[in-house]
Amino acid sequence: SGPRRRHPWFSTARPATMADAYADRSYGSDPVGFGKTLGIIVVDFQKAFTRPGGALAGSPHIEAAVEATQRLLTHARAAGVRVAVSYVAYATLDAMPHWKVRAVKTDLFRGMPGTELDPRITAGGQSDYAFDKWGASSFFQTPLAAYFTRHGVDTVAVCGCTTSGCVRATSTA
């Protein structure tokens, strides 16, 4: 079949960082800026991740993130910023995508304590939009985009826990 041809986008020289690889191809060269109306998405600050003894809890980073988010939300709510809060909860095992984390498959069903939102996040948030999600992204197969569109939100800030998974997936959706 002959030698394998490489796409010209790839080269044998490795960039110093992944950021260099994108910068070399002009990604990020033109600023996007901010829109006119900010919305905040809070991802997965639910008791399974935040309460002591929670099945997925225990990271001091999550505790610090909850405290920082609590301060952010106090100011955002006072300014009338729309806040959407997502959490993971499933109706049945069959409704759940494939997970490699046993605690997700045992502790994140609707009505279980681990699916309840952390009260530090919901305090003062009577007008927040809270909804469950089934995948990593808060946008995937949820009404979040429609909610923000209905309220004219054109810029979002994302905070939450499990940064390498759900926060990243929400940020890049």
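Structure shown above.
Residues numbered from 1 in each chain as written. Predicted model: local features only at pLDDT ≥ 70, side-chain atom pairs only at ≥ 80, totals over all residues. Heavy atoms only, no water.

Visitor: Please clarify how the nonpolar core should be interpreted in this entry.
Guide: In a soluble, globular protein the nonpolar side chains are often hidden away together inside. Residues I40, V42, F45, I62, L73, V83 and I121 are the most contacted members of the largest nonpolar core, which totals 15 residues. When residues of this core are traced back to their parent elements, those giving at least two are β1 (38-43), α3 (60-78) and β2 (82-88). Take this core: its biggest share by element is four residues, from α3. In terms of nonpolar packing, the next biggest core, distinct from the first, is built from 10 residues, V43, F131, L144 and Y147 among them. (Core = buried A, V, L, I, M, F, W, Y, C linked by side-chain atoms within 4.5 Å. Buried < 20%, exposed > 50% of the residue type's maximum accessible area, 1.4 Å probe, protein only. Helix = DSSP H or I, 4+ residues; strand = E, 2+ residues; numbered from the N terminus.)

Visitor: Help me understand the pattern of salt bridges in this model?
Guide: Should their charged atoms come close, side chains of opposite charge can pair. The tally for this structure, following the rule as stated, stands at six salt bridges. The salt bridge partner of E116 is K47, with a shortest N-O separation of 2.8 Å. With E116 in the loop between α4 (102-107) and α5 (119-122) and K47 in helix α2 (residues 47-50), this pair connects stretches of sequence that are 69 residues apart. Of the charged contacts, one joins R120 and D118 as a salt bridge, the two residues approaching to 2.8 Å between their closest N and O atoms. (Salt bridge = Lys/Arg side-chain N within 4 Å of Asp/Glu carboxyl O.)

Visitor: Is there a simple way to think about the side chain of S137 in this case?
Guide: As for its position among the elements, S137 is in the loop between β3 (129-133) and α6 (144-150). In terms of polar contacts, S137 uses its side chain to reach the backbone amide nitrogen of F139, at 3.0 Å. Beyond its immediate sequence surroundings of up to four residues, S137 is in contact with A169, T170 and A173. (Polar contact = N/O pair within 3.5 Å; in protein donor to acceptor, adjacent residues only side chain to side chain. Contact = heavy atoms within 4.5 Å.)

Visitor: How should I be thinking about the environment of V88 in this particular structure?
Guide: Here V88 is to be found in strand β2. Sequence separation of V88 and C166 is 78 residues, and the distance between their C-alpha atoms is 9.9 Å. Not counting residues up to four positions away in its chain, the partners in contact with V88 are D44, Q46, L108, T115 and K133.

Visitor: What am I meant to see in unusual backbone geometry here?
Guide: Excluding glycine, most residues fall at negative phi; most peptide bonds, likewise, are trans. Phi at D44 is positive, roughly 60 degrees, even though this residue is not glycine. Take D44: it is sitting in the loop between β1 and α2. Here the phi dihedral of Q141 falls at roughly 55 degrees; this positive angle occurs in a residue that is not glycine. Mapped onto the elements, Q141 comes out in the loop between β3 and α6. Classification of Q141 by relative accessible area gives exposed; the value is 56%.

Visitor: Explanation requested: the environment of V42 in the structure shown.
Guide: Its location among the elements puts V42 in strand β1. Along the primary structure V42 and A130 are separated by 88 residues, whereas in three dimensions their C-alpha atoms are 9.2 Å apart.

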